[in-house]
Each structure stands twice: as structure tokens, then as C-alpha cells.
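Listed below are the residues making up each chain.
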Amino acid sequence: MADPTGFLKYEREEPKKKSTQDRLATWGEVYADVEPGERNEQVREQASRCMDCGIPFCHSGGSGCPLGNLIPEWNDLVRRGDWAAASDRLHATNSFPEFTGKLCPAPCEAGCVLSISPLSGGPVSIKRVEQTIADQSWEAGYVQPQVSAVSSGQRVAVVGSGPAGLAAAQQLTRAGHEVTVYERDDRLGGLLRYGIPEFKMEKKVLDRRLAQLRKEGTKFVTGCEVGVDLTVEDLRAGYDAVVLAVGALRGRDDTTTPGRELSGIHLAMEHLVPANKYVEGDGPSPVDAAGKHVVIIGGGDTGADSYGTATRQGALSVTQLDQYPTPPSTRDDERSPWPTWPYILRTYPAHEEAGERKFAVAVTRFVGDDEGNVRAVELRQVRVVKDPETGKRMVTPVNDEVEELPADLVLLAIGFEGVEHMPLLDGLGLSLTGRGTLSCGSDWQTSSPGVFVCGDAHRGASLVVWAIAEGRSVASAVDAYLTGASDLPAPVHPTALPLAVV
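Residues numbered from 1 in each chain as written. Predicted model: local features only at pLDDT ≥ 70, side-chain atom pairs only at ≥ 80, totals over all residues. Heavy atoms only, no water.

Quick word on the packing of aromatic side chains
Here a ring pair, both rings aromatic, is described through the centre-centre distance and the interplanar angle of the planes.
Alright, step 1. Counted by the stated rule, this structure contains four aromatic pairs.
Alright, step 2. Lying across the ring of Tyr 194, Lys 277 places its NZ or CZ 5.2 Å from the centre.
Alright, step 3. The ring centre of Trp 466 lies 3.8 Å from the NZ or CZ of Arg 459, which sits over that ring. (Phe/Tyr/Trp six-rings, centres within 6.5 Å; stacked < 30°, edge-to-face > 60°. Lys NZ or Arg CZ within 6 Å of the ring centre and 35° of its normal.)

What follows is the structure, encoded as C-alpha cells:
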């Protein structure tokens, strides 16, 4: 059994990072290299802080992990040093623990019982334990191709190679179906490839898993936009089922602020994608922060990714703007009680390296030079309130003071509006919801028979762990559609939502 006093013996410890100087000198991951034996001993102590609670909220789909990861089980296996069994239990519920270990914000830790009171020393470092199990699994050779012993004779097309599409493809291939994944980009991975910077997840991690999927029998086609390069008629004729995992990549723009037409103002993805292609060896990025004053509008993950990318490109300064006031440093039990996801200030490694963040401010005008290039932004202090009748947010200046901030490059990281408009959807007779997503029934099937949807295309821009959970769930639905029943796991229902305070 677990050690119920482990959290009293050991303090929560985060993995050590490289020095800021070393981090900014390379595109590699920010965490320091540690000898595997030493790393494993450190993480065994961290896993010992888990009490194996009677009701483990950490792996509850509503308040913790939507994958239903068996967290107390593999924590105790790590504590005992049984890494092979820990790997087995982790992979039983998670197709790609090396992705979630690096990229997931860990709602499981927010749901840990040790998160109830700060006197506990903080939650179990579940994400660190998960990542170490994944690393040890690859190093020790526990991860091997799982080739199906039977063939169903059924063919499935998966459109999109992000985490949802890859999870669906993995499960369906292992169930014996012939699966082909179509990707319109030149390389596989979706946002894992071109949206996530190298310093958050090196792409060799992705390539290693793709190699395993290929050995299991999954086929991949890149540079193919389904609905254009492969017609809907040929898609329908060639496959018994189709999974749409096309993401929600339509970026939200700012069309109302004066000066938006100036050169040098871009959506964040117009900065991140070519930067990632540069790291892949594709040549210089057309949107480069080198020698520029960079202003990032938006306080979320995408903004932080652009922040760290700009500093590595050699920006003169980086400033990230957020309309909301500075969040509290600890959980406010009235606003976000345990075990809900807490509203707190989140500092990413990129914020520790350079630049600054400004809160409760908004851009009221983009200022240009005589040649039509942006040179500055005008800021006002603001307050965000919700209209009680319509529920819409209203951003209101709190005074008449205007601050001018130098800006040679402005990046808009203000969210995503949903699925991009594409010929494929028209050809399938599908329309978007008011949220810009694709709807489905309880079996993940859209209104077009035999066509299923999962991931951000269904949920809207969300977490990598939700994408994998939906990919695994849609695989179970497709398997049942093709064969009449399925033994594949289905961790989430299409209507599942994380626990939240309304």
C-alpha cells in the first residue's frame, strides 16, 4: 500500500531547469539533463507523497484527468521501483504519456487531495512522475509496437494528425482496422509539430512515437488536403468510416482596434508555425522577432509560446498584455474551490527568462510610421465586466491615462474561433455550430453517416489530454460502428465537461 505519511517526509520538488543563459542560447527543452538513475530516485520520493486516497479525485474525469489515468496505482509502483509495471498501468489509459507529461497543465494535480490545504506542501507532482515513467519506458525498451493479430478488413481514414487523430489511429489500428492518417502539412503532428515550440517538447519525442505507430501498421499521407487533393467522393469510396480530427485552428483576430491594417501585426500562429519550421531546418522565418520590440496580446498558453519564441529569436524586448487583473498566487476557495481548476497566476518558464507582463490593460490603438509599419501601441488601464443581460464581456477603461509602448512586432494570441472553413466540410454536408465546432451524437458520429469527429474540432481549442481522451473514445465508437461492438476504452462521453463553478 502507499505510504500515508509520505507527504510529511518529502517536500514537493519541481525538476531543475537549465540556466536562463543556456535556455536562450538554444531551442532545446528548458529542463536540465539528469542522469536517469538520479532522476528516478528523485521521482520515487515524489511519488511517495501520494496517499492512495480512498476517493482519488486526481483521476476523476470531472475534476482531474479525463483519460482516467490510474494515478495512485502507478505512483505506488514508482515508489516501489517497479518501473515496468508502472509503464504498463500508465499506457493502459494514456496513448501518449510523453506528450501529456510535457504539455498538459495537470488538472490532476489541481484535484489532488493535497491541494486542499497549502499546509500539505502542495499536490503530488503527478506530471513529473508521469513524464519520468514515459522517459524510463522508452529508455528501458518497455514501449514496443503492438501489432494486431487479426484484420477486420475494414478501412478507416483519419483526417488530421494532431494528438486526437493519432490517438484514434493508434487504437483503431490495434483493433485490426486498416487506418490511414491524412495530414495537409508537410510533416505529421498538427499543433504538436508546428504549434508547440521546441523548448516545450522536442520533436524527436513526437517522431519516436510516430515510428511506433508506423510499425504497428498505421499509414500516413502528408501534404494532402482532404476535400481538395483527395476528393470527398474518393474518400467515401475508399473507406468504411472517417474520423475528423481537423482541430480548431481558425485564429481570433482583432478587427476593431484602429491601426490593425499596419504591417507587423500578426496572429500568433503566423509567428509560431514558421519558427517551428525554422527549427526543423526549413530556413528563416518571415515573421522574426530579432532586434524588435515585441508586444503579445493575450495571456494564455499561445501567448507564452510566442513569448519564449520571441526571446530566442533575439527580441529587444517582449511584453505580454492581459485584459484581466493579476490573478491571485493561491487558490481562492470562493471563486474556484477544490477540486476545480484554480484561477491563479501561472508563470511559464518563458516568463522567467526575459520581458515582462502587464495586467488589466488593453490596446486602444496601433500606431504606425510613415511607411505603414507598426511602431507602437497605445494602452489604457481597463476593467472587464460581464453584461448581466447578455452575458457578454465588456472592456471598460478605468481612467483617461494613455501609455505608448514601443512595438515593431505585435502578435495576437487572443484565442481561436473554431474549425477552419474547408471544402471537406462542404463536401460532407457538415456545418459548424455557433461555437465554430462540429457537433455529433452520443456515438461521436456527425450528421453525415459514417463520419465521426473528435478533439478540438468537436470540443473547441482545449488541452492535449482532452484531445487524447476524445481520440481514444471516438476509436471505440468507430470500432463498434464497423463491427457491432468494441472492447476499446472510451474514457469520455461527447458531452463531458470538466467540473467548474458556474
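Back to the write-up after that little detour.
Overview of the environment of Ala 290
Alright, step 1. Mapping Ala 290 onto the fold places it in the loop between helix 13 (268-279) and strand 7 (293-297).
Alright, step 2. Residues in contact with Ala 290, not counting those within four places in the same chain, are Gln 313, Gly 314 and Ala 315. (Helix = DSSP H or I, 4+ residues; strand = E, 2+ residues; numbered from the N terminus. Contact = heavy atoms within 4.5 Å.)

Here's the deal with the UniProt feature "domain: FAD/NAD(P)-binding" (unreviewed entry) in the protein chain
Alright, step 1. Summarizing the sequence annotation, UniProt attributes the feature "domain: FAD/NAD(P)-binding" (unreviewed entry) to residues 155-471 in the numbering used throughout.
Alright, step 2. The span residues 155-471 shows a helical share of 25% and a strand share of 25%, and its end C-alpha atoms are spaced 17 Å apart. (UniProt positions renumbered as here; feature names shortened; annotations may be inferred.)

Here's the deal with the packing of helix 3 (residues 36-47) against helix 8 (residues 126-140)
Alright, step 1. Look at helix 3 against helix 8: their axes get within 10 Å of each other, and the N-to-C directions meet at 145 degrees. Note on packing geometry: the crossing formed by helix 3 with helix 8 is left-handed. Residue-level inspection shows Pro 36, Arg 39, Asn 40, Gln 42, Val 43, Gln 46 and Ala 47 of helix 3 in contact with helix 8, the latter providing Arg 128, Val 129, Thr 132, Asp 135, Gln 136 and Glu 139. (Axes fitted to C-alpha atoms, helices over the stretch in contact; angles between N-to-C directions. Left-handed = near helix turned anticlockwise from the far one by under 90°.)

Points about the UniProt feature "domain: Dihydroprymidine dehydrogenase" (unreviewed entry) in the protein chain
Alright, step 1. Residues annotated in UniProt with the feature "domain: Dihydroprymidine dehydrogenase" (unreviewed entry) correspond here to residues 31-140.
Alright, step 2. Taken end to end, residues 31-140 comprises 51% helix and 0% strand; its first and last C-alpha atoms sit 21 Å apart.

Considerations on the packing of helix 4 (residues 71-79) against helix 5 (residues 83-91)
Alright, step 1. Where helix 4 contacts helix 5, the two axes come as close as 8 Å, and the packing angle between them is 165 degrees. Taken as axis vectors, helix 4 and helix 5 run roughly antiparallel relative to one another. Pair helix 4 / helix 5 crosses with left-handed handedness. Contacts between helix 4 and helix 5 involve Glu 73, Trp 74, Leu 77 and Val 78 from the first element and Trp 83, Ala 85, Ala 86, Arg 89 and Leu 90 from the second.
Alright, step 2. Here the contact of helix 4 with helix 5 is composed, by residue class, of seven nonpolar, no polar and two charged. (Parallel < 35°, antiparallel > 145°, perpendicular 65-115°, else oblique. Nonpolar A, V, L, I, M, F, W, Y, C, P; charged D, E, K, R; others polar.)

Let's talk about the sheet that holds strand 8 (residues 317-322)
Alright, step 1. The sheet built from five strands is open, its strands ordered 6-14-7-8-9 with parallel pairing. Each edge of the open sheet is held by one strand with a lone partner, namely strand 6 (265-267) and strand 9 (356-359). Strand-to-strand twist across the sheet, computed as the mean angle between neighbouring axes with direction ignored, equals 20 degrees.
Alright, step 2. Here strand 8 runs beside strand 9; their pairing, made up of four bridges, is parallel. Its bridge partner lying in strand 9, Thr 319 is registered against Glu 356.
Alright, step 3. Strands strand 6 and strand 14 (409-412) of the sheet are contacted by helix 13, whose axis makes an angle of about 75 degrees with strand 6.
Alright, step 4. Where helix 14 (residues 301-313) meets the sheet, its contacts fall on strand 7, strand 8, strand 9 and strand 14, and the angle it forms with strand 8 comes to roughly 170 degrees. (Pairing = 2+ DSSP bridges.)

Examining helix 3
Alright, step 1. Over its 12 residues, helix 3 extends 16 Å from the first C-alpha to the last, a length consistent with the 16 Å expected when each residue adds 1.5 Å.
Alright, step 2. Each element contacted by the buried residues of helix 3 is listed here: helix 4, helix 5 and helix 8.
Alright, step 3. N-cap assignment for helix 3: the residue whose side-chain oxygen lies 3.0 Å from the backbone N of Gly 37 is Glu 35. (Expected span 1.5 Å × (residues − 1). Polar contact = N/O pair within 3.5 Å; in protein donor to acceptor, adjacent residues only side chain to side chain.)

Examining the pairing of strand 1 (residues 155-159)
Alright, step 1. Counting buried positions over the five residues of strand 1 gives four, a clear majority of the element.
Alright, step 2. With five bridges joining them, strand 1 and strand 2 (residues 178-183) adopt parallel strand pairing. In the strand pairing of strand 2, Arg 155 is matched with Glu 178.
Alright, step 3. A crossover links strand 1 with its parallel partner strand 2, the connecting element being helix 9 (residues 163-174), and its sense is right-handed.
Alright, step 4. Relative to strand 4 (residues 241-244), strand 1 runs parallel, the two sharing four bridges. The residue of strand 4 that forms the bridge with Val 156 is Ala 241. (Buried < 20%, exposed > 50% of the residue type's maximum accessible area, 1.4 Å probe, protein only. Right-handed = clockwise from strand over helix to strand, strands pointing away.)

Points about the domain arrangement of the protein chain
Alright, step 1. When its domains are assigned, the protein chain resolves into domain 1 (6-140), domain 2 (155-249 + 416-483) and domain 3 (253-412).
Alright, step 2. Just the C-alpha atoms count here: the centres of domain 1 and domain 2 sit 28 Å apart.
Alright, step 3. In this assembly, domain 1 packs against domain 2 so that about 2200 Å² is buried in total across both faces, 73% of it on carbon and sulfur atoms.
Alright, step 4. On the domain 1 side of the interface with domain 2, the three residues burying the most area are Phe 96, Phe 99 and Leu 103, jointly 28% of the side's total.
Alright, step 5. At the boundary of domain 1 and domain 2, one finds one salt bridge.
Alright, step 6. A salt bridge links Arg 209 to Glu 98; its shortest N-O distance comes to 2.7 Å.
Alright, step 7. Our enumeration of links across domain 1 and domain 2 arrives at nine residue pairs in polar contact (both at pLDDT 80 or more). (Domains from an automatic or database assignment. Buried area = accessible area lost by both parts, 1.4 Å probe. Salt bridge = Lys/Arg side-chain N within 4 Å of Asp/Glu carboxyl O.)

Focus: the pattern of salt bridges
Alright, step 1. For the structure on display, the rule yields 33 salt bridges.
Alright, step 2. A salt bridge links Arg 23 to Glu 352; the nearest nitrogen and oxygen atoms lie 3.4 Å apart. Of this pair, Arg 23 sits in helix 2 (residues 20-24) while Glu 352 sits in the loop between strand 8 and strand 9; the two residues are 329 residues apart in sequence, bridging distant segments of the chain.
Alright, step 3. When its relative accessible area of 40% is taken as the criterion, Glu 352 is described as partly exposed.
Alright, step 4. The partner of Lys 204 in a salt bridge is Glu 202, and the shortest N-O contact between them spans 3.4 Å.
Alright, step 5. With a relative accessible area of 17%, Glu 202 lands in the buried category.
Alright, step 6. Among the charged side chains, a network of salt bridges with common partners joins Asp 186, Arg 187, Arg 193, Asp 207, Glu 280 and Asp 282.

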